[in-house]
Amino acid sequence: MVEHPSIRLDGATLRLGGRTLWEDVSLTVRRGEFLAVLGPNGAGKTSLLRVLLGLQPLSRGQVQIDGHTPTRGSAAIGYVPQQRAFDPDLPVRGRDLVGFGLNGHRWGFSPPLRPPAEPVEDMLKLVGADGYADVPIGRLSGGEQQRLRIAQALVGSPRLLLCDEPLLSLDPNSQQAIVQLIAEWSRRGATVVFVTHDINPLRAVASRVLLLAGGRWAVGPIEWVLTSETLSRLYGAPVEVLHVQGRVVVLGAELGGHEPVPAVPVGDQ
Amino acid sequence: MTSLWHYAFVQQAVQAGAITAILAGFVGPFVTARNMSFSVHGLAEVGFAGAAGAVLLGLPPAAGLLTASFSAALAIGALGVRLRERDIATGSVLAFGVGLGVLFLTLSPRYLTEAYAILFGSILAVSRQDVVRTAVVGVGALAALALVYRPLRFASIDPDVAEARGVPTRLLSIVFLLILALAVTEAVQVVGVLLILTLLIVPPGAAQRLTAHPGLIVAYSVLIALTSVLGGLVCAVYTSWPVSFFVSAFTFAAYLAARLVGPMLAGSPRVAAAAPVREDVEVTSTAAARPTRVHPGAH
């Protein structure tokens, strides 16, 4: 039996609003691989996740998830969206947020006072969020909210986990905790695509990095891609990559940042 | 005094009022979760135009109300469901609706009585037929809400992930606007166009001060709406003051009380402390040796 790669992009090109975000990307991601995605503002990182989610069609080329064209709402994919602020008065608990990940998409209603679902409770414990699962989410710290987001994405036992800047605005301890949670899931056999503005927290876990910049792209192990030579070629300008006290520091180019998410799903138009 | 309750008009008011309060209690939490107070007002005021138009044509105002707010819901849904755009779309439809309503009422011979009934409610004037219509609309709206309840909550609170999970968020926005139009039509009968928020915003607002449990919020919201409407009817029957006044007074009292005693006060201390970070997870690198490729791309 032939096992399909987790993700296959073949000559994938995406143009949005008359601008080419990336062109002719061909890439195979094996099952269980941890792929970090880096790139400057507007490089199309979130759009890449939307393509993988089946929310955004490619302008050209092909994309396959587990050997099939991605369909909207696939249960095989877990999604950690970009952080957004919740109103502190929003009457929604962490437990409810994780519950959405389990069955929020199904029609009908749950009996209102039914005891909480077992997978939700298990997942809350796994991410260490059971202690604050009844607190309204708007009153939790960024790190606590991200744990709940990860529990929400993992509760359906996805084979592919897509994370959009889950480390944004977290302190280094929370960053490491979140990275380790995701890395553990990856070691259990799930494929991870992790959009980030900082490669350093991922250096121990990311097997490869995909760099999107100005319509061009590069993929490979971190030490191959994040070099002065590769980055200078990608950006078309001199870029210096330094290793300072075990950290990768990039001078002369912006690796981080994030393009604004379109308010209306373009795929629906 | 108790003999008043033997009159058909009082019994009909209680029946229609109870159905309306239950529907409003269920729909309200979604209105607050989706920040749709303005849409509620918009639907009610366009409903006002429809009711006024019906009066002018000699048709029952309720039919005009239902038709107009239902059409307005479709129009708002079609014009744009994005949060930012929704306010503008709602405002545009609303302003024109009220203008039309004023024209229709001015042209109508029974200007004052009808205007008063539509703007401030006329629950003590409902007929047997009105009760039947209220029941049919109420059951229909509740059934529709039950069908979309879970994905609608998902889409209202967490739209990005809901969309990724395949929830048809745009369709649900329109479906909810239609359910809301039905709830608004019913509530206008009880409290009138100008007091619509007293049934659709205040009870869920009070409920979510008392708890963050989704099931309990709905239960409290229904309970507060129902108690306020029935209590308002009782008081109105015995004092001859307007029902709308009493209903708004009761819901407001519930809101104040909930703010005072509820645990959901802004800035109140967190209930539980965060669990410690798990440090025992060991992470290994599985770096695959793949060649680096750089692809030139078009700009």
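Our subject in this report is the structure included herewith. (Residues numbered from 1 in each chain as written. Chains lettered and ligands numbered in written order. Predicted model: local features only at pLDDT ≥ 70, side-chain atom pairs only at ≥ 80, totals over all residues.)

Description of the pairing of strand β6 (residues 160-164) of chain A
All names here are of chain A. How we decide: Burial in this document is a count-based property: other C-beta atoms within 10 Å of a residue's C-beta are tallied, and the residue is buried at 20 or more, exposed at 12 or fewer, or partly exposed in between, with C-beta positions derived from the backbone. We count a stretch as a helix when DSSP gives it H or I for four or more residues in a row; a strand needs E for two or more, and each element gets its number in order from the N terminus. Any two strands with at least two DSSP bridges between them are considered paired. Crossovers are marked right-handed if the path from the first strand over the helix to the second runs clockwise, as seen with the strands pointing away from the viewer.
Across the five residues of β6, five count as buried, placing the element largely inside the fold. Neither face of β6 is left uncovered, since the one carrying Leu160, Leu162 and Asp164 and the one carrying Leu161 and Cys163 both have all their residues buried. Across four bridges, strand β5 (residues 77-80) lies against β6 in parallel orientation. Bridging from a neighbouring strand, Ile77 pairs with Leu160 of β6. Sheet topology places β6 next to strand β7 (residues 191-195); five bridges connect them, and they run parallel. Counterpart to Leu161 in the pairing with β7 is Val192. Crossover β6 to β7 through helix α5 (residues 172-187) is right-handed.

Some details on the nonpolar core
Operational definition: In this usage, the nonpolar core is the set of buried Ala, Val, Leu, Ile, Met, Phe, Trp, Tyr and Cys residues whose C-beta atoms join them within 7 Å. Contact between two residues is assigned whenever their backbone-derived C-beta positions fall within 7 Å.
Of all hydrophobic cores here, the largest spans 174 residues; its most connected members are Phe194(A), Leu180(B) and Ile196(B). A total of 13 residues in this core trace back to one element, the largest contributor, which is helix α8 (residues 169-191) of chain B. Among all residues touching Ile196(B), those that are not within four sequence positions of it are Val40(B), His41(B), Ala44(B), Val184(B), Ala187(B), Val188(B) and Val191(B).

Comments concerning the environment of Arg95(A)
All names here are of chain A. For Arg95, the location among the structural elements is in helix α2 (residues 94-103). Sequence separation between Arg95 and Met123 is 28 residues; the distance between their C-alpha atoms is 9.8 Å. Discounting chain neighbours no more than four positions away, the residues touching Arg95 are Pro116, Val120, Leu124, Ala133 and Asp134.

Honestly, that's just the spatial picture; any functional story needs more than this.
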